[in-house]
Structure formats: C-alpha cells, structure tokens
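Now for the letters of each chain:
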Amino acid sequence: MRVRVTNGRVFDPASGWVDAARDVLIADGRIVADDLPQPGETVYDAAGGVVMAGGIDLHSHIAGGKVNLGRLLMSEDRRAHPEPFGDFCGCGGGRALPTAHATGCLYSQMGYTAVFEPAMLGANARHAHLEMADIPNIDTGGYLVLGNDDAFLQLLAQGEGQDALNDYVAWMIKATQSCAVKLVNPGGISAFKFNGRSLDLDEEGPYYGLTPRRILGALQQAVTELGLPHPIHLHGCNLGVPGNIDTTLATIAAAEGFALHLAHVQFHAYGQEGDRRFSSGAAALAAAVNAHPHVSVDVGQVMFGQTVTASADLMAQYRNHRHASPGKWAGMDIECDAACGVVPFRYRDTSFVHGLQWAIGLELFLLIDDPWRVFLTTDHPNGAPFTTYPHLIRLLMDKPFRDAHLARLGPAVRAHTGLGEIRREYTLEEIAIVTRAAPARALGLADRGHLAPGGVGDLVVYAEDSDREAMFAAPRLVLKNGREVVRDGAIVALQAGSTFAAAPPCDPQMDARMARWFDEAIGLKAKHFRIADHEIRGGRGPIRLECRP
Amino acid sequence: MTEPAAIDDTTEGAAGAATRRLTDLACGFCGLGCDDLEVAVTGRAVRPRTACPEAAVLLRRGPGPPPGPRVEGREVPLAQAVSAAARHLAASRAAVFSGLGTDVDGLRGLADLAVRFGASLDHAGSEGLFRNLDTLQRTGWIAATLAELRTRCDVLVVIGADPRRAYGRFFERAVPPEALFTDDRTMVFLGSGPEAATRDQLAGHRLIEVPVVPGFLGEALAGLEAFLRGRGAAEFAGALDGALGADLAELAELLRAARYAVFVWDAADLPAPQAEEVVHRAAAIVAQLNRAGRAAVFPLGGRDNVVGANQVMLWRFGHPLRTLVDGRASRHAPDLYATAVALRDADLLLHADSFRPRPPPAFSAGPVIALAHPATEFAREPEVFIPVGTPGVDHAGTVFRMDGIVCLPLEKLRDAGLPRLADVAAAIRAEDGA
C-alpha cells in the first residue's frame, strides 16, 4: 500500500528539511524515497498544511501502579471528564489520568505517535506492560527505576566491581522489558523507608551509607558501558524544595562528561532569594545546560488547573502531601524496589509559588539555547495533563500571547521573573525539534522523529493557523505506520501500538545470583519476576532497541 | 495444617500416561501470590504435591473429561452455546456481570462484552475491597507491599481475627524468621488472638495479645490513636480505664519506638457495621505514626484476582468495580451496582468464574449465562453454561497479588479442551447479528 502526502510544507529538522516543499511517500508503513506517482496510491493533499513526523513524548506517566492508584484516588477527575459524546468505543474518560484507551486517543488526536512511561518499577513492570498493551495508536516504552532498589544498593555498598553492577542493570532491564534507566531521588526513596526525610547529593543515606552522587555515578557508568541508547534519566534530589537549584547545578557538574538527562527540571530550578524565600533558578540552570553539551533536559511545565501528581519519590510526595487538593493522598513502599506517592494538586494562578513555577518553566524553555537538548513536557500529570501541550506550544511561539498570560499573574510573580523581557519565540522548526526530532534522537529511535526514507510512516499534517494552540490541538491528518488514525482532529481508526525494550547482554551467572536474591529477600521467584517477550503487546513482543557498548 | 507440604497422594493417573512434575508454580487463588507450588500431572489429572489446603483443593483435577457446554440443559457444541449467549445478551436491557473470577485477559474480554452489550460489573469477592476503598478513596493511606513487610516490619499489628484461616501461608510469607532489615519482630494481635498453629509458627517472635471483642475494634483503635496523639483515656468515658486501656497505652509506646510498623486486617472478615470505621482508624493511626517514624497498612484481600479485576476496570473505564457500562458511558455507583443490589433490577445474569466452582447468585428474573468452572453445581440449570478453563491449570494467565503491585504469570498444567474465558467472551462479542 502506497501513501503520498503532497503539497505540504515539510518540517523535518533531523533530515535538514525545514519548510521544504516535498512529497512524503510511504510504502507498506515505511517512508521510502520519493518516486513517480503510481496508480492506486492514496494521495493526501496537504496544501496549506505543515507536515511533521509523529510527535514523541519522552516523559509522561501513562501506565502502571501509580497511574491506576491515581485513577482510584482521584475519582473527581473521572467524574469531571466523562466519555466524549458520539459513538461509544469503551474509551472511558479522565483528563489528569485518562484511561489507557483515552490516553492513546487523546495523544493521537494531538499528532503524537510515541509516548514513554518514565518511571516503571521492576516489581510493577508486568502491570505497566499490561496497561501499555491497551493503549491504542501510540508506541510506548518504560524506563526502569533503579537507584533505590535494595539489590543494587547492597551490591554497591559491598564494593562489587563495575562489571557486577553492569550485569545487574542488564539483567533487570531485560527482565522488565524496559528501554532506559530512570533514577528517582537516588538513595532518597530507600532512605525514606528508614525514616530519612531528606537526602542531598553528597549526604550519606541511612543503612547503606551511600551518597546519591555515588549511586548516580555507578549507574551512569553502567548505562554507558552497556551501550543503552538513552543516558541516565534523572529525577534528582530535593524535588520541589526552595533552593534546590544548588543541588541541580552540582548534579550537572557531577556528571563528569557522562551524558545525562535531567527530568522535569522546572521542579529542580528553585532559588530562595527574595522576601518569600522562593525564586527562579532558571537563568543559572539554563546557563549550566548551555555550557554542558552532554546534558539534556525536559521541562515539566506547570499549567494552571486541577491535576494529580504521581511519583516514585515518596520522600518528596510525603513532604508535599500537606498541599494536596482535594485533601487526600496515597503512598506506598514498594517491594524493595522504590515507592510511589499520589497527591492531587491544583495549580492556581493566584498563588505566588504556582505562578512562579509557571514562569520558571517557560524561562527554561526560552533560555536554553539548543532545542536539541530540551524536550517539551509537563511531566504529565505532575505539572499539568498532556492535553495542555497545544497551549504550551502557543506560549512558546507567541510572545504577545505569553505576555498577556503573564500580565494576569500577580505583581509579586512578575517582579520575580524575567520572562517578560525574553523576546524569543519558538519557530515551527524548533517545535518540530523539541516535540519529535530531539526526543527520537535522545532515545535512540533511529526510524522515528523524521520523514526520511527508512523512517516509520508516522506523520502529521497540521493546518497552518496563526493561533498555534488551535493548530496543534487538532491536526488535519495523523498517519500511524502509514495508516490514517486521525482526520480533522477526530479519531477515525484504532491501531495497536508497539512497545520498545532493550536487552543488553549480561553474564549468565547473574541468573543464579538473582534467583537467590529473590528467594531470600523478596519471597518471589526470579523466574516469575521476569517478563517474557510474549507478554508484551498481546503476544507481539517488543521492538528491540539496539545497545552499542 | 496450612504449611505447604508434600501431600501424600497415591491416586493413579490415566493408565500408561506419563506423569510430569511441575515445580515453582504461581498461584492465583487467595491473592497472597505464593509461587513455589508443585503438582504432578498425568494426562488430565492434576495432583497437588506442595500447596496450602485451599490451593490443593482448587488445583486438583481428575482424569475424566470435563463437561461440555449446555443450552437449556442440553449438551451442544461450543459455537451453539456462544450464539445462544450472544442472543440473550443482545435481547437484554439490564445485564449484570457477576463473579469476575478470572485472569487479566478474561477480565478484558468481559469488559469488551460489557461495552458491546451493556452491563454492570462486580466481583464476587469485592465486599472487603469496597470497605477498604471507603478509606482509600476518601482520605488515602500509606501502604506497603509484601516484600517490604518481609524485610522491614518490626512491629506487625493484626486487627481482628487471625488471618490464617483465609490466608493460610500469610505469616510464613510475611514474617519469616530471617529478615534483611530487622533482627527481631513483635507480633501484636488486636482482636481475637492467634490460633494455636499461628502461635507455634510465630514462636521465634515476641507475641503480644490485646484481646478486643469484635464489636469494639473501632473504639479500641480510636483509643490507640488517642494515646498516640498524646491524649489520655479520659475522653472515652471510662471505656478504656481497665486492662484494655493499659494494653493500648503500652501498644502506643511500642509503636512509637517501632522502626517500621505494619497494620494488617482482612476487611471482608471485619464485623459489618463498623468495618469501614476500623479501616479508617487503622489508616489514621498509620498517618499519625508517619509524622515522626515509619509505618504502613497492608490490607489483606485479593481472592480470585479481585484486585486485578479492580485494576483492569480502572485502566479500562477509569472507575473501580461496581460500575455500569451502558453503551454510551460508564457510571460508577457502588451502592447501585454491587451484585446483590444490581440483580434486583436485572433482566440477565452473566456469571463468570474460572477459579472455583462457585454457583451464580440466585436470580430468576431472566436468563442466566454461566461462563464457569466445569465442576460448578447449579441450583437451577442456567440457560447457557459454558465450562471454561482455570488460569494456572488449563491455560496461562496473569493475576494480581493482593498488594496490587506484583502481577504473577500462571502456567498451563494440562490440556482438557477447556476454552479460556477470554476466548469465549471474544467469541460471544464477535457473534454476527447478536
């Protein structure tokens, strides 16, 4: 089956095509070199439209235990957002935590074709994969949370060599069918189980006596030596704490030449200047990112309104639970692996702190020079639901629009941010970078995020509109694997997605070692922890990401 | 005897058939998620060799063939039973799906059927779950999974009756003699006390009994909370002046000094009028303890994958069990869609249970479709009976452990020609013209 998208303005920065007048030709789901038109090929006329590869979100909490716990706890979200009108397809509803089906539909309606769950706990990985299998129209993958798992902390504290640490990481990635390694408050989640209430980068945690710096360093080396495509994806120490900018800058310095991805940096860019002891650290953080070419970030933009925060960082969520709105929250210590905390949250534009959080996120987007190292996220649902992306895109692309929103915030917020002085507006090329080309490259997805021959036929046509929010909210056309799934902003077809996973090699002796660990400590057989290929996406198995040690 | 043990069983399998020993099997029956079971399989016969009494009964299978599908009591080919089920469902205006004892794929199939035909969904074992949700959804709590309990818990408080009868291997699994992060454990029984076997099993741990009659558990926990908040027994109008008050005050001190206290209860087994209050108080005590130290709840439950059923409902519909899916939208109303209540206005009952031969609830206002265990005995013959395989016996499947975090893969042990509930549901849904 051949599909031709013609007459559009192509924005494919990965291939060097920016505002290029060219056809995109897809044969049997893959992009092929342009060729003379053939009878029988389907032609989409993209005249007046902007053509991009399918969007890729590399940090969005869409599946697994904390997401489902959030759905259970925050029934208000579900009641406020019922099923859409029209023929019922069993999709359910919700906004901060939509059902699996609605997650696929809502992402796909914005032109996204791949989304990654950034905090999959080993013990809960099978559950996360079960949910991902039920998400239509988008490809998925999960990042394995390490760095608070007792098995690893024990190995590190005992002084095991790097080879053993690498074997452990490789075993865990393969066992859980993950595609990257996530660190969440390294050592801090474990510390909270021993009643530690905070843990800074160079502080020794209870029981193991390990500093977050040491844990981070060992796992960075493991990920590098195993050749995983994505570097350590780090949710650092002291999330949300005023003054945490110092920790974040020290963490960047600690990366020591290793590639490092800092997640939701907006929550890690707080100073404590001013009479309210809460200020923007965005300029300092942006300068550090600009100066360290091996560091990438996603922003975790805050948007005003009701949401739910869901995180493996129970230490931070315990701290935050007094701000819960509505006033309820749930936490869980999980299986010698990590934890989770779910806290409903309402960001108010009348709040100084929330207003400044909003401004700090935008400052980061606008002050970090290289769009290839900053990715568009709200840390869904923690900063805001992902459905706010079109609004966020307009804030980035349209200074008068941004200024109008800034003007609605209180004078104290405006006095504490330099946002009003920033003239930069994102171009369509830059939007194409931060929403598809850059995340694809960061994750090692060679055939995504671009429209060159060999790429998958994930393509979006947005109707050109000076209202960028309207433009990105409802694409004219979305193709997934070359087949139409969205037309004029509405779902027209459902397709099963795929799940990415890596399988770095590991010493077979690790099997016996892990069997012993699971028997003695966990009370579960290692063989039941391991997830088989046939358990992924209803028996179709994962798409293997290549590791390059 | 509730320990896993080699079961002396000399029953012969089918003549000539080779016997296979299968080890390290995961179990989906009570929700505790034991995964060290062992069986011997000869042809269609399954003989448990290492299993708790409940699992032993539910795993055992004879060598004979299972019954075939029936419509109006007559044996028919599967396709004909599937057509009949689809016709009944298509004619129904108020269907109730009950039982829901099945693996994740079976639950997905039932959810799809509900979307196609409209139905309310509830699980046969959801009573305890909803007593817990009353607190979890209103205030939340801090919980722990089984491995955290095993490795960390130094004070375990069991509220109510000894859970041994319902969860035979709980203490063996949750508080083994050796633990990673604690050298000594104290077991507190707040309620009716441990059974003799439990007492023997916990011999290595310090044991404290705080006797409380079942109807007074809520007040006792309120008293404990008051002591933990530094208030005296005075506000309880003399009710806590005696031995109970002294015990609770002492328990409060023990909990204050605990490194990781865990509160356990079986909500299904708590006395009805105050079950919700007991859960609420326990969660509040844990919240109070977490202000200065660490503590967690560990609610028992999860029989026949009820936790998995609730999880699937949440990611499919965004609602817990006891939800109506009516063709345009889904609506959650626990008071209306609990099986017993929903049946009052129902015109069809679809009873799905692949784990145990549990008969459907009494219902006479319309047809009954039973996608059920082959050994189910019916008080009245259902209009449609399709015997289905048991996950972990007749086919592979996935179930959730009671903590809601760990999912376990169940293995296929034998081939008796019984279909998966998921496949039967898919066939009914695909039926033309239904």
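What counts as what
- Residues numbered from 1 in each chain as written.
- Chains lettered and ligands numbered in written order.
- Predicted model: local features only at pLDDT ≥ 70, side-chain atom pairs only at ≥ 80, totals over all residues.
- Heavy atoms only, no water.
- Helix = DSSP H or I, 4+ residues; strand = E, 2+ residues; numbered from the N terminus.
- Rg over C-alpha atoms; globule rule 2.2 N^0.38 Å.
- Buried < 20%, exposed > 50% of the residue type's maximum accessible area, 1.4 Å probe, protein only.
- Areas by Shrake-Rupley, 256 points an atom, 1.4 Å probe, with all protein chains shown as cover.
- Lys, Arg positive; Asp, Glu negative; His and termini not counted.
- Charge placed at Lys NZ, Arg CZ, Asp CG, Glu CD.
- Axes fitted to C-alpha atoms, helices over the stretch in contact; angles between N-to-C directions.
- Parallel < 35°, antiparallel > 145°, perpendicular 65-115°, else oblique.
- Contact = heavy atoms within 4.5 Å.
- Nonpolar A, V, L, I, M, F, W, Y, C, P; charged D, E, K, R; others polar.
- Phe/Tyr/Trp six-rings, centres within 6.5 Å; stacked < 30°, edge-to-face > 60°.
- Lys NZ or Arg CZ within 6 Å of the ring centre and 35° of its normal.
- Pairing = 2+ DSSP bridges.
- 1 Å grid on protein atoms, 1.4 Å probe; cavity = no way out; pocket = protein on both sides within 12 Å on 5 of 7 lines; lining within 4 Å.
- Points joined across faces, edges and corners; volume = space filled by probe spheres on them.
- Domains from an automatic or database assignment.
- Buried area = accessible area lost by both parts, 1.4 Å probe.
- Salt bridge = Lys/Arg side-chain N within 4 Å of Asp/Glu carboxyl O.

Trainee: What is the right way to look at the overall build of chain B in this model?
Mentor: Within chain B, the regular secondary structure consists of 14 helices and 21 strands. For 434 residues, the compact-globule estimate of 2.2 N^0.38 gives 22 Å, and chain B sits close to it at 23 Å. Overall, chain B is about 70 × 55 × 30 Å in size when its C-alpha atoms are taken along their principal axes. Taken across its 434 residues, chain B has 63% of its residues classed as buried. Accessible surface, chain B: about 15,500 Å² in total, of which carbon and sulfur atoms supply 51%. For chain B, the separation between the mean place of its 45 positive charges and that of its 54 negative charges on side chains is 4 Å.

Trainee: Honestly, the packing of helix H9 (residues 245-254) of chain A against helix H10 (residues 282-291) of chain A in this entry has me stumped. Any pointers?
Mentor: How two helices pack is summed up by the angle between their axes together with the distance between the axes. Residue and element names in this part refer to chain A. Orientation of H9 relative to H10, taken along the N-to-C sense of each, is 5°, at an axis distance of 10 Å. Regarding the angle of H9 to H10, the classification is roughly parallel. Contact residues: Ile 245, Thr 248, Leu 249 and Ile 252 in H9; Ala 284, Leu 285, Ala 288 and Val 289 in H10. For the contact of H9 with H10, the class distribution of residues is 7 nonpolar, 1 polar and no charged.

Trainee: Honestly, the packing of aromatic side chains in this entry has me stumped. Any pointers?
Mentor: Aromatic ring pairs are defined here through the distance separating the ring centres and the angle between the ring planes. All names here are of chain A. This structure, assessed with the given rule, holds 28 aromatic pairs over all chains. Seen from their ring centres, Tyr 112 and Tyr 389 are 5.7 Å apart, and the 50° between their planes marks the pair as tilted. One end of the pair, Tyr 112, is in strand E9 (residues 112-120); the other, Tyr 389, is in helix H13 (residues 389-397), with 277 residues separating them in the sequence. The residues Tyr 112 and Tyr 389 share a single accessibility class, namely buried. Feature note: the residues Tyr 107, Tyr 112, Phe 386 and Tyr 389 constitute an aromatic cluster, connected by ring pairs. Over the ring of Tyr 318 we find Arg 197; its NZ or CZ atom is 5.0 Å from the centre of that ring.

Trainee: Would you mind showing me how to read the sheet that holds strand E5 (residues 70-71) of chain B here?
Mentor: Note: strands within a sheet are paired through backbone hydrogen bonds, in either parallel or antiparallel orientation. All names here are of chain B. An order of E6-E5-E19-E18-E17-E7-E8-E15-E16 is seen for the 9 strands of this open sheet, with the pairing classed as mixed. Edge strands, defined here as strands with exactly one partner in the open sheet, are strand E6 (74-75) and strand E16 (330-332). Docked against the sheet, helix H3 (residues 104-117) engages strand E7 (95-101), strand E8 (119-121), strand E15 (323-325), strand E17 (348-353) and strand E18 (368-372), running at close to 175° with respect to E7.

Trainee: Even after reading the chapter, I still don't get empty space enclosed by the protein, so can you show me in this structure?
Mentor: Sizing a probe to match a water molecule and rolling it over the atoms shows the empty space that remains. All names here are of chain A. One pass over the full model with this rule turns up 12 cavities of 30 Å³ or more. Space inside the largest cavity adds up to approximately 120 Å³. Around the largest cavity, the lining comprises 15 residues; the ones closest to its centre are Glu 335, Asp 337, Trp 517, Phe 518 and Ile 522. Tallying contributions element by element places helix H18 (residues 509-522) first for the lining of the largest cavity, with 4 residues. The residue makeup of the lining of the largest cavity, split by class, is 12 nonpolar, no polar and 3 charged. Looking at the second largest cavity, its volume works out to about 90 Å³.

Trainee: Please clarify how the domain arrangement of chain B should be interpreted in this entry.
Mentor: Interfaces are often sized by the amount of accessible area the parts lose when they come together. Residues and elements named next belong to chain B. With domains assigned, chain B is organised as domain 1 (5-59), domain 2 (70-125 + 304-431) and domain 3 (130-301). Centre-to-centre separation of domain 1 and domain 3, based on C-alpha positions: 34 Å. Contact with domain 1, which involves 9 residues of that partner, is made by 7 residues of domain 3. Here domain 1 meets domain 3 over a buried area of about 660 Å², counting both sides, of which 56% is carbon and sulfur. Broken down residue by residue, the surface that domain 1 buries against domain 3 is led by Cys 30, Leu 32 and Cys 34, which jointly contribute 64%. For the interface between domain 1 and domain 3, the tally reads 1 salt bridge. Note that Arg 169 is salt-bridged to Asp 36, the shortest N-O span being 2.8 Å. Each residue belonging to the side of domain 1 that touches domain 3 can be placed in one class, and the counts come to 5 nonpolar, 2 polar and 2 charged.

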